[in-house]
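Here is what each chain is made of, one letter per residue.
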Amino acid sequence: MNGTSFAAEQGFYFKVGGDFFGMYQTSEGPKLFFNRDKYKLSDNCWDVELVIGRDNSLFTFYWKGEVKISFRCPGHYAKFLTWFHLLLGKTNPQWA
């Protein structure tokens, strides 16, 4: 992850190397995406892990028990931790 995030009226994304990762609001509720893969977060079949290290953080997203997204990002963990809290519903975005 290069530490760059982008916000839009209905969502936001991060550029992770050559990939795009983010969340956006739909009429069905929030969705997580990684490139063209989309996951409906209102379904109760997902989980996430975030491991924060001194120099890197590791994010893993599980769908129905299977790893679907996993990436390591150097530094900039504060922005990533804010996004992680948003994903878990610990923050209330304007579009949720």
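For the structure, see preceding data.
All values derive from a computational prediction rather than experimental measurement.

1. Details of the packing of aromatic side chains
One pass over the full model with this rule turns up 11 aromatic pairs. Taking 5.1 Å as the distance between ring centres and 55° as the angle between the ring planes, the aromatic pair formed by tyrosine 39 and phenylalanine 61 counts as tilted. Pair noted here: tyrosine 39 is in strand 5 (residues 37-40) and phenylalanine 61 is in strand 7 (residues 56-63), with a separation of 22 residues, a long-range link. On the basis of relative accessible area, tyrosine 39 is assigned to the buried category, the value being 7%. A relative accessible area of 0% places phenylalanine 61 in the buried class.

2. Observations regarding the nonpolar core
Residues Phe21, Leu32, Phe59, Phe61 and Ile69 are the most contacted members of the largest nonpolar core, which totals 18 residues. Of all the elements in the fold, those that place two or more residues in this core are strand 2 (11-16), strand 3 (19-26), strand 4 (29-34), strand 6 (46-52), strand 7, strand 8 (66-74) and helix 1 (77-87).

3. Quick look at the pairing of strand 6
The sheet contact formed by strand 6 and strand 7 spans 7 bridges and is antiparallel. Bridge pairing links valine 51 to leucine 58 in strand 7. Taking the residues between adjacent antiparallel strands as the criterion, strand 6 and strand 7 are bridged by 3 residues.

Cut-offs applied
Residues numbered from 1 in each chain as written. Predicted model: local features only at pLDDT ≥ 70, side-chain atom pairs only at ≥ 80, totals over all residues. Heavy atoms only, no water. Phe/Tyr/Trp six-rings, centres within 6.5 Å; stacked < 30°, edge-to-face > 60°. Helix = DSSP H or I, 4+ residues; strand = E, 2+ residues; numbered from the N terminus. Buried < 20%, exposed > 50% of the residue type's maximum accessible area, 1.4 Å probe, protein only. Core = buried A, V, L, I, M, F, W, Y, C linked by side-chain atoms within 4.5 Å. Pairing = 2+ DSSP bridges.

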